[in-house]
Amino acid sequence: MMWSYILKLVVLLPLVCGLMIGCLYLWRRLEARMPGNQGERLVKVRETMMVSTGTKIAVLEFQGRQLLVSVSRSGVTLLDGGNK
């Protein structure tokens, strides 16, 4: 009885610890990609809005300028490149 408990402990404890370490590692790697936490990037996405199926418009900030772009399956098009 006692040996089965020890065997389960020896097998499952490293497995659970490995899963915890793996989750923390993945969280740290994917944290920078989460919306709202863009860190110190050169291009920041300020806002996006769906215009139609497959087409969005987005406000980007780059070097102090705000850019309005259209994003669709065919590519990205600059709509307005004005200043703040």
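Just above, that's the structure.
Thresholds, definitions, all that
Residues numbered from 1 in each chain as written. Predicted model: local features only at pLDDT ≥ 70, side-chain atom pairs only at ≥ 80, totals over all residues. Heavy atoms only, no water. Helix = DSSP H or I, 4+ residues; strand = E, 2+ residues; numbered from the N terminus. Rg over C-alpha atoms; globule rule 2.2 N^0.38 Å. Buried < 20%, exposed > 50% of the residue type's maximum accessible area, 1.4 Å probe, protein only. Salt bridge = Lys/Arg side-chain N within 4 Å of Asp/Glu carboxyl O. Pairing = 2+ DSSP bridges.

**A look at the overall build of the chain**
From N to C terminus, the chain includes one helix and four strands. Counting from the amino terminus, helix and strand elements in the chain follow one another as α-β-β-β-β. Relative to its length of 84 residues, the chain is extended, with a C-alpha radius of gyration of 23 Å against a globular reference of 12 Å. Projected onto its principal axes, the C-alpha coordinates of the chain cover approximately 75 × 30 × 15 Å. When the 84 residues of the chain are sorted by exposure, 7% land in the buried category.

**Let's talk about the pattern of salt bridges**
As enumerated under the stated definition, the model contains one salt bridge in all. Measuring nitrogen to oxygen at the nearest pair gives 3.0 Å for the salt bridge that ties Arg46 to Glu61. Highlighted residues: Arg46 in strand β1 (residues 43-52) and Glu61 in strand β2 (residues 55-62), separated in sequence by 15 residues. Arg46 gets classed as partly exposed once you look at its relative accessible area, which sits at 47%.

**Focus on the pairing of strand β3 (residues 65-72)**
The pairing of β2 with β3 spans seven bridges and is antiparallel. Among the inter-strand pairings, Leu60 is bridged to a residue of β3, identified as Leu67. Between β2 and β3, which pair antiparallel in sequence order, lie two residues; one of them, Gln63, sits at a positive phi of approximately 50°. Two elements, β3 and strand β4 (residues 75-80), share five bridges in a ladder whose sense is antiparallel. Directly across from Leu68, in β4, lies its bridge partner Asp80. Taken together, β3 and the strand that follows it, β4, pair antiparallel across an intervening segment of two residues.

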